[in-house]
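Topology and contacts: notes
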Amino acid sequence: MSAGDGKTTHVAVRAEAFKIRSVVVRQSVRDQWRPVIMPALVLWLLATIVSAVYLHPFDIAEYARYAHAALRPPLFHRLPLEYPAPALVVFILPLLLPFSYPYAFAVLAGVVLVLLVTSYEGSGIDGMDAEAARRLIAYMAVGAVILVTGRYDIFAAAAAFWSVRAARQDRWSAAWNWSCIGFVIKLFPAIFWPALLIAEWRRRGRPPVRRLAWMAVSVAVLVGLPALFNGGAVLNAVHYYLRRPTEIESIPAGLSMLFDWHGTALVASFHSVNVVNGASRPIALVVEILAAAGCLWVWWAQLRRRLPIEAACLASLTLVVLGGKVLSAQYVVWLMPLWALYPLRPLWIMAALANVVVFPYEVSAQSFNLVPTHLFDTTMTLAFLARDVLIAWGSWRWLKSVLAQRSPSPTVLARAP
């Protein structure tokens, strides 16, 4: 066979593979159109109307300002303060579309949403199917309809889920790639790295030392790229987090208010309302230490085969979300794709509802001056504390059920040699 014949055969094989993939995609779209894609599009349309037409969220305007500032000479010299520098890719992409920025951002968020909900079916994994996709849509409809197109967290949440999905399919390079993509734009998927290391180690029978290169490259991208353009902005997001007080939506904020009710001051800073009192810093430190200890226990349980990879990722991510001194409403979106892998849980539904039910109260109170400012901020803090308790309680009950399923029964133990 000549070289030309071999090249022709290779092209024909690739063309045939592309044709097969196209047929599979078309069939998948047809199968999921009514049960999954149409509800997701309705959710997206409602989210777009609420966000772009009525609420005009500050975050979207902030993304647009960061995108335009980065493109002014000198290029990429003005970098985000509270977000990782690579997130600029997400902020700049809407500028390529022929719409105003809020609608262009909504279109991109909608594309990611559809890709996310359609990636459950066809995964070949038990529990990761169209039913799970519908559960995700339900959680988002209840607790994130104003956040799907009003924040960029859907991009990182999708990357985090695709990392877990790839790990369950034994596609380890893809799992690491997706977790690293999520990390450089939103940081939180890095909490999956220990679980991925443990799962791949157990699967392959040897430590996946080469994955350290994935981590190193991710950190290099996160730190090195901004260093090339503005050395003073290398760790903007880290400095921003360390300097800010406890946000009213976090567990430390709610607890410190209860412990030091009369000494609490509510301060507007860092684009949020924050709780400042004598108890906030110590409580925040204790909560962070407890969350870190909880993560260590989760990874130990995974190492002992008591937790599968998806449960270890959800448990550790939940601890990170609840253990920080900032727990903005959009952080709950990070959890929802993994919540959807399990049957609907009433406590998680209640937490999702509490995540957004405060926003109509906020709009009415601030627009019509129905509630004094201090009373308004106090009730918001306590309402978010209730949401956080619901997440913690629901997650604890879920974790107990997972551990019970993975624990051997007394009969099995009696038969073991």
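Note that the structure is a prediction, hence the values are computed from the model and not measured. Numbering of residues starts from 1 in every chain and runs along the sequence as written. With pLDDT at 70 or above as the cut-off, local features in this predicted model cover only qualifying residues; side-chain atom pairs require 80 or more to be listed or tallied, and sums for whole chains, interfaces and linings still use all residues. The side-chain values count all of the structure's non-hydrogen atoms but skip hydrogen atoms and water molecules.

Put simply, DSSP H or I for four residues or longer makes a helix, DSSP E for two residues or longer makes a strand, and each gets a number counted from the N terminus. Per the secondary structure count, the protein includes 17 helices and 3 strands. Only protein chains enter the accessibility calculation, which uses a 1.4 Å probe. A residue is then buried if its area is under 20% of the maximum for its type, exposed if over 50%, and partly exposed in between. Residue burial in the protein is summarised as follows: out of 417 residues, 50% are buried. Pairs of residues are marked as contacts when any of their non-hydrogen atoms sit within 4.5 Å. In the protein, of all internal contacts separated by at least 6 residues, the share reaching a separation of at least 24 is 73%.

Let us look at the nonpolar core. Take the buried residues of types Ala, Val, Leu, Ile, Met, Phe, Trp, Tyr and Cys, join any two whose side-chain atoms come within 4.5 Å, and each joined set is a nonpolar core. Phe 91, Tyr 120, Met 140, Tyr 152 and Phe 155 are the most contacted members of the largest nonpolar core, which totals 116 residues. Here this core takes 11 residues from helix α6 (residues 153-168), the largest share from any one element. When neighbours within four sequence positions are excluded, Phe 91 is seen to be in contact with Tyr 63, Tyr 66, Ala 67, Pro 80, Tyr 83, Tyr 101 and Tyr 152. The next biggest cluster of nonpolar side chains, apart from the first, holds 9 residues, and it includes Ile 248, Val 275, Val 358 and Phe 376.

Following DSSP output, two strands are said to pair if at least two bridges run between them. Ordered in space as β1-β3-β2, the 3 strands form an open sheet in which the pairing is antiparallel. Looking at the sheet topology across the chains shown, the edges are occupied by β1 (246-247) and β2 (265-269). Relative to strand β3 (residues 272-276), β2 runs antiparallel, the two sharing 5 bridges. Within the sheet, the bridge partner assigned to Ala 265 lies in β3 and is Val 276.

This part covers the side chain of Ser 316. Checked against the element boundaries, Ser 316 lands in helix α13 (residues 309-323). Judged by relative accessible area, Ser 316 falls into the buried class, the value being 0%. Those residues in contact with Ser 316 that lie beyond four places of it in its chain are Ile 191, Cys 295, Val 298 and Trp 299.

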